[in-house]
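Residue-level structural notes
Below, each chain spelled out in residue letters.
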Amino acid sequence: MKELKERILREGKIRGHNEVLKVDSFLNHQMDVAFLQAVGQEFRRRFDGCQVDRVLTIEASGIAVAAFTAQAFDQAPVLFAKKHKTKNIAGDVFLSQVESFTQDKRPYNIFVSKEFLHPGERVLLIDDFLANGSALEGLIDLVHQAGAQVVGAGIVIEKAFQPGGERIRAKGVRVESLARIASMSEETGVVFCD
Ligand code: 5GP
């Protein structure tokens, strides 16, 4: 997606060599809703013809992208996996574990209420970044626990120098990334795969 690549080049802040990319000006802190709407429409274009009953993401940064994607998919409901067990979730949950990429690789639980994920549903996964693939693996696990089906995964920015994309595709999951980064450092800037 051309506009996304241009914005990454213009506004992205690189931390370390092949580590973290910060895109706080339009995606991860301040949000450009017109741009996010275009992102949602692009995911619709890429997954057009696929039946999508539900969009599933993980809090917090995936939520806005998932909402605009769901809107583009005829208002499919959006479900976001929560990261901590809180009191305001009633009844049974599907639970999985994710290793945090940005927070010292510490593992944490993610869960969704069984009320909102059902057998047979076709679920499109959405996230802002794909790095080692742990977040997506956790979401895939939740979908499988529910007896539902993964349609594919829509990723805004894939750091292709990390193994997540390969790992998830090797499971047979279709991954569509709007920008794939081959490498990045403060010296070279961001280099895209294509
Ligand atoms: P993974 O589980 O694939 O290793 O990491 C994906 C998750 O980590 C995403 O949900 C995203 O929030 C976060 N993440 C990974 N790499 C980056 C990055 O370079 N920048 C930002 N802002 N978040 C990242």
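Everything in this summary refers to the structure shown in the same document. (Residues numbered from 1 in each chain as written. Predicted model: local features only at pLDDT ≥ 70, side-chain atom pairs only at ≥ 80, totals over all residues. Heavy atoms only, no water.)

A few points about the environment of valine 98
On the secondary structure map, valine 98 appears in strand 5 (residues 93-99). For valine 98, a relative accessible area of 2% corresponds to the buried category. Taking C-alpha positions, valine 98 is 18 Å from glutamate 19, a pair spaced 79 residues apart along the chain. Aside from chain neighbours lying at most four places away, what touches valine 98 is Arg106, Pro107, Tyr108, Ile110, Ser134, Ala135 and Gly138. (Helix = DSSP H or I, 4+ residues; strand = E, 2+ residues; numbered from the N terminus. Buried < 20%, exposed > 50% of the residue type's maximum accessible area, 1.4 Å probe, protein only. Contact = heavy atoms within 4.5 Å.)

Digging into the packing of helix 3 (residues 33-46) against helix 4 (residues 62-72)
Contact geometry for helix 3 and helix 4: axes closest at 8 Å, N-to-C directions at 55 degrees. On the basis of their axis angle, the class for helix 3 and helix 4 is oblique. Considering how the two elements wind past one another, helix 3 and helix 4 form a crossing that is right-handed. Contacts between helix 3 and helix 4 involve Val33, Leu36, Gln37, Val39, Gly40, Gln41, Phe43 and Arg44 on the former and, on the latter, Ala64, Val65, Phe68, Thr69, Gln71 and Ala72. When the residues that make up the contact of helix 3 with helix 4 are grouped by side-chain class, the tally is eight nonpolar, five polar and one charged. (Axes fitted to C-alpha atoms, helices over the stretch in contact; angles between N-to-C directions. Parallel < 35°, antiparallel > 145°, perpendicular 65-115°, else oblique. Left-handed = near helix turned anticlockwise from the far one by under 90°. Nonpolar A, V, L, I, M, F, W, Y, C, P; charged D, E, K, R; others polar.)

Structural notes on the pattern of salt bridges
This model, assessed by the stated rule, comprises 18 salt bridges. We note a salt bridge from glutamate 158 to arginine 180, for which the minimum N-O separation is 3.3 Å. Here the residue glutamate 158 occupies a position in strand 8 (residues 149-159), and arginine 180 occupies one in strand 9 (residues 175-185), the gap between them amounting to 22 residues. Judged by its relative accessible area of 2%, glutamate 158 falls in the buried class. (Salt bridge = Lys/Arg side-chain N within 4 Å of Asp/Glu carboxyl O.)

Considerations on the site of the ligand
The full set close to the ligand counts 16 residues, and Leu21, Asp127, Asn132, Gly133 and Ala135 are the nearest of them. Aspartate 128 is positioned with one of its side-chain polar atoms (N or O) 3.4 Å from an oxygen atom of the ligand. Between the ligand and glycine 133, the relevant distance is 2.7 Å, taken from an oxygen atom to a main-chain nitrogen or oxygen of the residue. Look at the ligand: alone it shows 510 Å² of surface, and the protein chains cover 88% of it. Contributions of two or more residues to the shell around the ligand are made by strand 2 (20-22), strand 7 (122-130) and helix 5 (134-145). The biggest single contributor to the shell around the ligand is strand 7, with four residues. In the shell around the ligand, the residues fall into seven nonpolar, five polar and four charged. (Near = heavy atom within 4 Å. Polar contact = N/O pair within 3.5 Å; in protein donor to acceptor, adjacent residues only side chain to side chain. Areas by Shrake-Rupley, 256 points an atom, 1.4 Å probe, with all protein chains shown as cover.)

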